[in-house]
Amino acid sequence: VYLYDIRVPIEDIMERYSIRDLDIIAAYQDITLFPIFDGQKNAAYVVALLIDRRVYRGKEEIEKAKEYMETHWLEPFDADATAKAACLSRAHFSRLFKKHTGTTPYEYYINYKIYKLREKLLDPNLTIKQAFDLCNMDYSGNSARLFRQKTGFSPSAYRRMAHGDK
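Here is what the cut-offs are and how they apply
Residues numbered from 1 in each chain as written. Predicted model: local features only at pLDDT ≥ 70, side-chain atom pairs only at ≥ 80, totals over all residues. Heavy atoms only, no water. Phe/Tyr/Trp six-rings, centres within 6.5 Å; stacked < 30°, edge-to-face > 60°. Helix = DSSP H or I, 4+ residues; strand = E, 2+ residues; numbered from the N terminus. Buried < 20%, exposed > 50% of the residue type's maximum accessible area, 1.4 Å probe, protein only. Core = buried A, V, L, I, M, F, W, Y, C linked by side-chain atoms within 4.5 Å. Contact = heavy atoms within 4.5 Å.

Draft legend 1. Region of the structure containing the packing of aromatic side chains. Applying the stated criterion across every chain yields a total of nine aromatic pairs. Look at F77 and Y109: their rings are 5.2 Å apart centre to centre, the planes differ by 45°, and that puts the pair in the tilted class. Highlighted residues: F77 in the loop between helix 2 (59-71) and helix 3 (79-85) and Y109 in helix 5 (residues 105-121), separated in sequence by 32 residues. Residue Y109 is classed as buried on the basis of its relative accessible area, which comes to 6%.

This is the structure:
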């Protein structure tokens, strides 16, 4: 007997073996069953061959969320919209994102924003304030402090260092 693309009951397996976190959302298998006969040609055993076809671990959803944040980085962070882009509930999304990236969705968003700001600061045709404005950030004590926390440099020191100035 050959059964194709059977959804594996992950929840039942987790409950049966007291597994709290399997890191799998869904799994599908092909199952082939065949008998093993004894000397009298009676079926003594039935062998099941299980071949995993597709396993969903949630990484696709996380990539969708990262892509969403990277295309909406100029907007204020919206956890609900980001979770919706990943097609997950907000709580499940936050947990899964942290598990796969090692950071929270908000921290990822901030890090990406700082990355873009660093790019803008490398442009000598822009003032530091203009670079902050282009990143939709206020060039205030808080934003400059955040930049320093993330990079280890003030915006002006970062610019000087990047251009080889002393």
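Draft legend 2. Geometry of the nonpolar core. By size, the foremost hydrophobic cluster in this structure holds 24 residues, and its most contacted members are F93, F97, L117, L121, M137 and F147. At the level of elements, helix 2, helix 4 (90-101), helix 5 and helix 6 (128-134) are the ones that each hand at least two residues to this core. With residues up to four places along the chain from it excluded, the contact list for M137 reads K113, I114, L117, F132, S143 and L146.

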